[in-house]
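Given next are the chains, with one letter for each unit.
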Amino acid sequence: MTRAIADLGGTSRQSLAAARAALDAALKAKSESEAAKFAAELFTALAALDASAPLRRALTDASRDAKDKVKLVNDLFAKSAGSAVSLLGELAGLKWSKPSDLGNAIEQLAIEAEATSANLSGELDRLEEELFSFSRVVASENDLLQALSSNKYSAEGKRVLVAKLFGGKVSPATSRMLGHLVSGLRGRNLEGTIAFYIKATAARRARMIANVKSAIALTEAQKEKLAATLAAKIGQPVRLNVEIDPSVIGGISIRFADELIDATIVNRLAEASRALAG
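Notes on the structure in this doc start here. (Residues numbered from 1 in each chain as written. Predicted model: local features only at pLDDT ≥ 70, side-chain atom pairs only at ≥ 80, totals over all residues. Heavy atoms only, no water.)

Comments concerning the overall build of the protein chain
The condition is simple: Segments assigned H or I by DSSP are reported as helices when at least four residues long, segments assigned E as strands when at least two residues long, and all are numbered from the N terminus. Buried, partly exposed and exposed residues are distinguished by accessible area as a fraction of the type maximum, computed with a 1.4 Å probe on protein chains only: under 20%, between the cut-offs, and over 50%, respectively. For this analysis, residues touch if any pair of their heavy atoms sits within 4.5 Å. Methods summary: accessible areas were calculated by the Shrake-Rupley approach with a probe of 1.4 Å, and residue burial reflects only the protein chains presented.
For the protein chain, the count of helices and strands is 13 helices and four strands. A buried classification covers 42% of the 278 residues belonging to the protein chain. Summarising the internal contacts of the protein chain: among those between residues at least 6 apart in sequence, 69% fall at separations of at least 24. Summing over all exposed atoms, the protein chain offers an accessible surface of approximately 13900 Å²; the carbon and sulfur share of this is 55%.

Below you can see the structure in the form of C-alpha cells.
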C-alpha cells in the first residue's frame, strides 16, 4: 500500500528532498506543454514500477551499482519517458528506505510537474480549486464514488468517465490530473488519493512562493521587478508574500523553497563582525 510522503523513512525523506530539487532543475525554463509532457512521462514510469515488484527492487537495491541502475532506466524508459529519463536515473541513484518509496516519490514529482504546467498557464489557483471541488462532488455523489472505486471498471474506463463528466468544465491541467488520479489509486481508496493529490499540488505551490521580509513596504514596481528576477532565476512564475518587519534595517530577506537569500544590513554587519573576529 502506498504510504503518505510524510510517513517515509528518514533515508527516503532525504532522497525525496534531493529529488524535488532535481525536479526544479529539470523543469526550469520549460513551457506549459513541456511540463505537462514531463508529468505524463513520470506517470508512465510510475505505472511500470507499480506493475513490477522485481523492477522496484532492482532500482532500489543498495548493493547494486548506480551506473547499472541508470542503464536499466535508460533501457526501459528512453522511448516512453524521453525528457524525464535523466531525472528517473537520478532517482534510481538515490537511497530509499524500501522499494515502494521510489514509486511514491515519482508520483509526488509527477503531480508537482503537472502543477507546474498549471502555474505556467496562470491556472494553479484554478487547479487547486477544481481538485477541491472534485473532492466535494465525490463525497456527495455515492454512485460516482462507487464507479470510480470499483474494480469492475478499467483504468481507461474511469478516465473516460471523468473526462465526460468534467472535461469541458475544468482546466486542461485539472482534466489531465483527474485522469491520472482515478486510474492510479495505488492501494488507496479514492478519497485518500484525492487528498494526496491536493497535498502534492499544495507542496508545489509552496515552492513557487517567495516569502519576503522588508523594513518598508515595497512598491508595485519593486514587487514586479523582484518577482521577475526570481522567475528568471528558476525559470518559473513566482508569487510574493511580503511581510513588513521593522527589525530589518535595510535590504530584504527572501526565503524561496529551501533557499534563504538574505540581503539585509543586519545580516551583512553580522557577517562583517564575524570576519573581523576571525
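There is more to say after this.
What about the environment of glutamine 14?
Locating glutamine 14 in the fold gives a position in helix α1 (residues 10–27). In this structure, the C-alpha to C-alpha distance between glutamine 14 and lysine 95, residues 81 residues apart in sequence, is 8.6 Å.

Quick look at empty space enclosed by the protein
Rolling a probe over the atoms, with the probe sized like a water molecule, indicates the empty space that remains. How we decide: Buried and open spaces are told apart on a 1 Å grid over the protein atoms alone, a cavity being a set of points where a 1.4 Å probe fits but cannot get out and a pocket being an open set with protein on both sides within 12 Å along at least five of seven lines. Residues with an atom within 4 Å of a point are the lining residues. Grid points are joined across faces, edges and corners, and a volume is the space filled by probe spheres set on the points. Classification convention: Asp, Glu, Lys, Arg as charged; Ala, Val, Leu, Ile, Met, Phe, Trp, Tyr, Cys, Pro as nonpolar; all other residues, Gly among them, as polar.
A full pass over the atoms with the stated rule returns one cavity of 30 Å³ or more. Size it by volume and the largest cavity reaches roughly 50 Å³. In terms of lining, the largest cavity is formed by Ala45, Leu49, Leu59, Val73, Phe77, Leu88, Leu91, Ala92, Leu102 and Ile106. In terms of residue count, the dominant contributor to the lining of the largest cavity is helix α5 (residues 85–92) (three residues). Partitioning the lining of the largest cavity into residue classes produces 10 nonpolar, no polar and no charged.

So, the pattern of salt bridges
Opposite charge on two side chains permits them to pair, given that their charged atoms come into close proximity. The following threshold applies: Think of a salt bridge as a Lys or Arg side-chain nitrogen and an Asp or Glu carboxyl oxygen that are within 4 Å of each other.
Following the criterion strictly, the structure yields 16 salt bridges and no others. Close ionic contact of glutamate 123 with arginine 126 constitutes a salt bridge, the shortest N to O distance being 3.3 Å. A residue is classified by how much of its surface remains accessible, and glutamate 123, at 23% relative accessible area, is partly exposed. Notably, a salt bridge pairs aspartate 125 with arginine 205, separated by 2.2 Å at the nearest N-O pair. In this pair, aspartate 125 sits in helix α7 (residues 124–140) while arginine 205 sits in helix α11 (residues 190–207), placing the two residues 80 residues apart along the sequence. Assessed through its relative accessible area of 33%, aspartate 125 is described here as partly exposed. Looking at arginine 205, the relative accessible area reads 12%, which means it is buried.

Notes on the packing of aromatic side chains
The condition that has to hold: Within 6.5 Å between ring centres, the rings of Phe, Tyr and Trp (the latter by its six-membered ring) count as paired, and their orientation is classed by plane angle as stacked under 30 degrees, edge-to-face over 60, tilted in between. The criterion for a charge sitting over a ring is simple: Lys NZ or Arg CZ within 6 Å of the ring centre, and within 35 degrees of the ring normal.
With the rule as written, the count across this model stands at one aromatic pair. Here phenylalanine 134 and phenylalanine 166 contribute two aromatic rings whose centre-to-centre distance is 5.3 Å and whose plane-to-plane angle is 80°, an arrangement assigned as edge-to-face. Here the residue phenylalanine 134 occupies a position in helix α7, and phenylalanine 166 occupies one in helix α9 (residues 155–166), the gap between them amounting to 32 residues. For the pair shown, phenylalanine 134 and phenylalanine 166 are each scored as buried. Sitting above the plane of the phenylalanine 196 ring, arginine 188 keeps its charged end 4.9 Å from the centroid.

Some words on helix α2 (residues 32–50)
Put simply, the rule reads: The span you would expect from a helix comes to 1.5 Å times its residue count less one.
Taking 1.5 Å as the rise per residue, α2 with 19 residues should run 27 Å; its terminal C-alpha atoms sit 27 Å apart, in good agreement. Buried within α2 are the following residues: Ala35, Ala36, Phe38, Ala39, Glu41, Leu42, Phe43, Ala45, Leu46 and Leu49.

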